[in-house]
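Observations on chain architecture
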Amino acid sequence: MTVHEVEVKINGKTYKEEVESRMLLSDFLRETCGLTGTHVGCEHGVCGACTVIVNDSAVRSCLMFAVQVDGQEMQTVEGLAQNGQLNPLQKNFVQCHGLQCGFCTPGILMSTTDYLKKHSTPCKKDIQDMLSGHLCRCTGYDGIVKAIEKTVEDQKINI
Amino acid sequence: MKPAQFDYYCPKTVDEALTLLEESGFDGKIIAGGQSLVPIMNMRLSTPDCLIDINRLQDLDFIDYEEGLVKIGTLTRQNRVETSDLIRQHIGLLSEAVPFIGHVQTRNRGTIGGSLVHADPTAEIPLALMTMGGSVHIASTDEVRTVNAEDFFVTYLTTDVMPTELLTEIHIPIWEGRVGYSFQEISRRHGDFALVASACQLSVDDQNRISNARLVLGGVESVPLLVTEANELLQGERLTDSLLDKVASIVSKVIEPESDLHASADYRRHLAQSLSKRTLQEAYVKAGR
Ligand SMILES: Cc1cc2nc3c(=O)[nH]c(=O)nc-3n(C[C@@H](O)[C@H](O)[C@H](O)COP(=O)(O)OP(=O)(O)OC[C@H]3O[C@@H](n4cnc5c(N)ncnc54)[C@H](O)[C@@H]3O)c2cc1C
């Protein structure tokens, strides 16, 4: 067994921890850092519940090891709200009923955050394509798509 | 599901990685994007004693253009390949193939080299490399050797890369003249591995006669299948409906697909025929433009 020291910046805060090589990043976030907003579903990269942003890319945290993020920057769902206020994307999820049971929501929010940073005017089809990386077992993703579309519209007005 | 224990190394240079690989012999494994390896480790289908992480080898993350050639570093993320203008302009088949791989969140991490070495028989990048007639560079502490796509894929999940070797570069020739290409696949859901996939690249002369064609099928054999007989038949011809039918019948004759949970052999044969026709037709139309 090998143990490694990992220093990583998550949501602007530095964490310095010791981890076993085999510790998955998803478990590190939840168990070592206490950031339980990141959810764990399938643990083979299919469901998307554990999606977080590592160095400006939305990725599956169940398919990375904690030791791999040494020296890097990350954002998890806990990093979205500012000063206790939900951000515009989160507010639109509430307004458009994009939550459903809520289990897959953190992953979807993180994928969407990364996606909207790189694509400012996606159409419905693009949004659906991005969402296909997430399994939501509740219903038809309708509220989720609406919440994202509304965020895109709001951003256009703000520009 | 959690992986078994292993030692972890994170080399900073290619040389260091190669030495580590040699020292660990058959017990070490490279981790690139981890999008195939980590699921397998999480399910304990693979329990390597040691992982050599190549993610810090920035030298292996590049897309370069040379006269007649595009070179791509093994660590280049699939998403970067997908959005590269250089690739779209010179080897557009690859840009067309990559969006079929998993989802944007897995392409953000998955690499071009990892997909080639993983060598799933329905995977998109192996199929595209074979269709474009590409080759790869494989390094060990002793040498760097070049292997053509035709010799690279050995069987299911097995390539010519030995346990102490590292795939470093992918070389793809830029075809001259009027070139067309097409990539198509049928999967049960978007983002899943294909049941059957087909890719075609061809060039035509001034009279719209086919001067070179490569039609390749995925998901019908243990490795991407270059349909040599069909490619020979197409040589010097204009594409007509009867020629397309002939190609479909060759395809049906040369493949031996298997039945599994997802599709019967008959259905795969049917898909292989229609997809072959579709890719050929689309590639031909594109080349004529
Ligand atoms: C939900 C999901 C859906 C997917 N769907 C598809 C799909 O539709 N089509 C598809 O093709 N793939 C699919 N994949 C797999 C794809 O995402 C992987 O990116 C790819 O197959 C492996 O690339 P990687 O960089 O992640 O490699 P890794 O998983 O890190 O490695 C894969 C294998 O290659 C070896 N290896 C990697 N790099 C090198 C190197 N440079 N030299 C020597 N050996 C090396 C490793 O040791 C390992 O054996 C999917 C994955 C997920 C999680």
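Each chain has its residues counted from 1, following the order in which its sequence is written. Just so you know, chain letters begin at A and ligand numbers begin at 1, following the order they were written in. With the structure being a predicted model, the display of local features is reserved for residues of pLDDT at least 70 and the display and counting of side-chain atom pairs for 80 or more, all residues being used for whole-chain, interface and lining totals. As a rule here, side-chain values cover all heavy atoms of the structure and leave hydrogens and water aside.

With an unreviewed UniProt entry as reference, chain B is termed Xanthine dehydrogenase family protein subunit M, source organism Robertmurraya beringensis.

An unreviewed UniProt entry lists chain A under the name (2Fe-2S)-binding protein, with Robertmurraya beringensis given as the organism.

Let us look at the pattern of salt bridges. Salt bridges are counted wherever a side-chain nitrogen of Lys or Arg sits within 4 Å of a carboxyl oxygen of Asp or Glu. Tallying each qualifying case throughout the model produces 20 salt bridges over all chains. For Arg107(B), the salt bridge is made with Glu82(B), and the minimal N-O distance between the two is 2.7 Å. Of this pair, Arg107(B) sits in helix H6 (residues 104-107) while Glu82(B) sits in helix H3 (residues 78-83); the two residues are 25 residues apart in sequence, bridging distant segments of the chain. In this structure, Arg145(B) engages Glu165(B) in a salt bridge whose closest nitrogen and oxygen atoms are separated by 2.8 Å. Linking Arg145(B) in strand S7 (residues 144-148) with Glu165(B) in the loop between strand S9 (158-159) and strand S10 (166-173), this pair joins segments that are 20 residues apart in sequence. Of the two residues examined, Arg145(B) and Glu165(B), each falls in the buried class. Salt bridges here are not isolated pairs; linked through shared partners, they connect Asp27(A), Glu43(A) and Lys2(B). A helix here means a DSSP run of H or I that spans at least four residues, while a strand means a run of E at least two residues long, and both kinds are numbered starting from the N terminus. Exposed residues in this analysis have more than 50% of their type's maximum accessible area, buried residues have under 20%, and partly exposed residues fall in between, with area computed by a 1.4 Å probe over protein chains only.

On to the packing of aromatic side chains. When the centres of two rings from Phe, Tyr and Trp lie within 6.5 Å, Trp using its six-membered ring, the rings pair. Their planes under 30 degrees apart give stacked, over 60 give edge-to-face, and anything left gives tilted. Counted under the stated rule, the structure contains 3 aromatic pairs over all chains. Pairing Phe65(A) with Phe6(B) gives two aromatic rings, centres 5.0 Å apart and planes at 65°, and the pair type is edge-to-face. With Phe65(A) in the loop between strand S4 (57-60) and strand S5 (73-75) and Phe6(B) in the segment before strand S1 (7-9), the pair connects residues from two separate chains. On the basis of relative accessibility, which here comes to 3%, the residue Phe6(B) falls in the buried class. With 5.3 Å between their ring centres and 40° between their planes, Phe100(B) and Phe183(B) make a pair best called tilted. Taken as a pair, Phe100(B) in the loop between helix H5 (92-97) and H6 and Phe183(B) in strand S11 (residues 178-186) lie far apart in primary sequence, 83 residues in all. The buried category is assigned to Phe183(B), whose relative accessible area is 4%.

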